[in-house]
Amino acid sequence: EILNNIRLIGNLRDQRANHGKHPINAMFWVSAMVGLVLVSMGYFCFPPNGQNIMLIVIFASYVGVVLFLIYSLENPFVSLVALPPTALTRVLAAF
């Protein structure tokens, strides 16, 4: 029983590691961009006065930040906010 649980945990850990190697599916990016276009179309139905332009700027900024964070979290070691491997170098230096 215990050996089966240990084997199951090892297999699940291997599966999780394999899933972590694959990037976010391209269909996610396509659906995100299509959703962005569809939602933003509602903002362009009104005349361009100050309030509407401010809403468009706020919406565009919010969507840009969210998409940037999704990309950064997908590629944590190569994006603009890359994580340095300081913890790994500390562990390697200890041994």
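For the structure, check the block above.
Read on for an overview of the structure. (Residues numbered from 1 in each chain as written. Predicted model: local features only at pLDDT ≥ 70, side-chain atom pairs only at ≥ 80, totals over all residues. Heavy atoms only, no water.)

Structural notes on the overall build of the protein chain
Consideration 1: From N to C terminus, the protein chain includes four helices and zero strands.
Consideration 2: What you see in the protein chain, going N to C, is helices and strands ordered as α-α-α-α.
Consideration 3: What you see for the protein chain is a C-alpha radius of gyration of 22 Å, clearly larger than the 12 Å of a compact globule of 95 residues, by over 25%.
Consideration 4: Overall, the protein chain is about 65 × 35 × 20 Å in size when its C-alpha atoms are taken along their principal axes. (Helix = DSSP H or I, 4+ residues; strand = E, 2+ residues; numbered from the N terminus. Rg over C-alpha atoms; globule rule 2.2 N^0.38 Å.)

Let's talk about the packing of helix 2 (residues 26-41) against helix 3 (residues 50-74)
Consideration 1: The interhelical angle for the contact between helix 2 and helix 3, taken along N-to-C directions, is 175 degrees, at an axis separation of 12 Å. If you check the angle between helix 2 and helix 3, you find them roughly antiparallel. Contact with helix 2, carried on its side by Phe28, Trp29, Ala32, Met33, Leu36, Val39 and Ser40, involves Phe59, Val63, Leu67, Ile70, Tyr71 and Glu74 of helix 3 and no other residues of that element.
Consideration 2: Here the residues of the contact of helix 2 with helix 3 are counted per class, giving eleven nonpolar, one polar and one charged. (Axes fitted to C-alpha atoms, helices over the stretch in contact; angles between N-to-C directions. Parallel < 35°, antiparallel > 145°, perpendicular 65-115°, else oblique. Contact = heavy atoms within 4.5 Å. Nonpolar A, V, L, I, M, F, W, Y, C, P; charged D, E, K, R; others polar.)

Describing helix 3
Consideration 1: Compared with the 36 Å implied by 1.5 Å per residue over 25 residues, the 36 Å span of helix 3 between its first and last C-alpha is a close match.
Consideration 2: Buried residues along helix 3 sit against helix 2. (Expected span 1.5 Å × (residues − 1).)

A closer look at the environment of Tyr43
Consideration 1: Along the chain, Tyr43 turns up in the loop between helix 2 and helix 3.
Consideration 2: Along the sequence, Tyr43 and Arg90 sit 47 residues apart, while their C-alpha atoms lie 51 Å from each other.
Consideration 3: In contact with Tyr43, not counting residues within four places along its chain, are Leu55, Ile56 and Phe59.

So, to be careful, I would describe these as geometric facts and stop short of saying anything about function.
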